Amino acid sequence: MTASTFPPHEQSDNTGNTEFRPHTSPDWWDHHRPIASDEYSDMALMLGALSILTFWMFGLGILLGAAAIGTALAARRPDTPGHDPGDSSAGIVGILTGIAGVAFGIVFLTAALPHL
């Protein structure tokens, strides 16, 4: 047999190597891990920001704002994993941006619907 001209780090894994290498997925890929309070807060902030950006899309901003408020309230629940009882700021920004998105959406709908 001839020797390969590829460097060892670029060779294929199917070279007859029967060494067992268990596959381990990264930590962020663990779908069985419960969502932590910080992740709920981040989701609420993103949904709230999207609700402010999409307030003019005839109800989408209102729906995203409501989802932001719900997600932020889930971040503030005491039984959420990773919740710090002393941290009273968890989800506050998500609640505020969600309320702003809902308010902007309602104002836009009340101003735009009579002209349709």
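Note that the structure is a prediction, hence the values are computed from the model and not measured.

Enquirer: Looking at this structure, how should I read the overall build of the protein?
Expert: Within the protein, the regular secondary structure consists of 3 helices and 0 strands. Going from the N terminus to the C terminus, the protein shows its helices and strands as α-α-α. The buried share among the 116 residues of the protein stands at 23%. Long-range pairs, those at least 24 residues apart, make up 67% of the contacts in the protein between residues at least 6 apart in sequence. Total accessible area on the protein stands at roughly 8600 Å², and carbon and sulfur atoms take up 66% of it.

Enquirer: Looking at this model, I keep getting lost on the pattern of salt bridges. Mind explaining?
Expert: Two side chains bearing opposite charge may form a pair once their charged atoms approach each other closely. Across all of its chains, the model carries 1 salt bridge by this definition. Here Asp 79 makes a salt bridge to Arg 77, at a shortest N to O gap of 3.0 Å. Look at Asp 79 and you get exposed, because its relative accessible area is 58%. Look at Arg 77 and you get partly exposed, because its relative accessible area is 44%.

Enquirer: Sorry if this is basic, but what is going on with helix α1 (residues 37-53) here?
Expert: Each α-helix turn comprises 3.6 residues. Residues three or four places apart therefore point the same way. For α1, spanning 17 residues, the distance from its first C-alpha to its last is 24 Å, which sits close to the expected 24 Å at 1.5 Å a residue. Residues of α1 that are buried include every one of Ser 37, Ser 41, Ala 44, Gly 48 and Ser 51, and no others. End-on view of α1: buried residues confined to an arc of 90°, all on one side of the axis. In this structure, α1 carries Asp 38, Met 46 and Leu 53 as exposed residues pointing more than 90 degrees from its buried face. The elements touched by buried residues of α1 are α2 (60-76) and α3 (92-112).

Enquirer: It is not clear to me how the packing of aromatic side chains should be interpreted in this structure. Could you clarify?
Expert: In this description, an aromatic ring pair is defined by two values, namely the gap between the centres and the angle between the planes. This model, assessed by the stated rule, comprises 3 aromatic pairs. Ring plane angle 85° and centroid distance 6.1 Å describe the contact between Phe 55 and Phe 108, whose orientation is recorded as edge-to-face. One end of the pair, Phe 55, is in the loop between α1 and α2; the other, Phe 108, is in helix α3, with 53 residues separating them in the sequence. For the pair Phe 58 and Phe 108, a centre-to-centre distance of 5.5 Å together with 65° between the ring planes defines the contact as edge-to-face. Taken together, the positions of Phe 58 in the loop between α1 and α2 and Phe 108 in helix α3 put the pair 50 residues apart, joining distant regions of the chain. Here Phe 58 falls in the partly exposed class, since its relative accessible area comes to 47%. Overall, the relative accessible area of 24% leaves Phe 108 in the partly exposed class.

Enquirer: Hey, could you run me through α2 in this one?
Expert: Its 17 residues place the ends of α2 24 Å apart at the C-alpha level, agreeing with the 24 Å of an ideal helix rising 1.5 Å per residue. Buried within α2 are the following residues: Gly 61, Leu 64, Gly 65, Ala 68, Thr 71, Ala 72, Ala 74 and Ala 75. The elements touched by buried residues of α2 are α1 and α3.

Enquirer: Teacher, can you tell me more about the confidence of the model for the protein here?
Expert: Detailed reading of the predicted coordinates is not advisable wherever pLDDT is low. Considering every residue of the protein, the mean pLDDT works out to 83; 74% of them sit at 70 or more. Element-level pLDDT for the protein is lowest in α1, with a mean of 94, against a maximum mean of 96 in α3.

Reading the values: the criteria
- Residues numbered from 1 in each chain as written.
- Predicted model: local features only at pLDDT ≥ 70, side-chain atom pairs only at ≥ 80, totals over all residues.
- Heavy atoms only, no water.
- Helix = DSSP H or I, 4+ residues; strand = E, 2+ residues; numbered from the N terminus.
- Buried < 20%, exposed > 50% of the residue type's maximum accessible area, 1.4 Å probe, protein only.
- Contact = heavy atoms within 4.5 Å.
- Areas by Shrake-Rupley, 256 points an atom, 1.4 Å probe, with all protein chains shown as cover.
- Salt bridge = Lys/Arg side-chain N within 4 Å of Asp/Glu carboxyl O.
- Expected span 1.5 Å × (residues − 1).
- Arc of directions from axis to C-beta.
- Phe/Tyr/Trp six-rings, centres within 6.5 Å; stacked < 30°, edge-to-face > 60°.
- pLDDT = per-residue confidence, 0-100.

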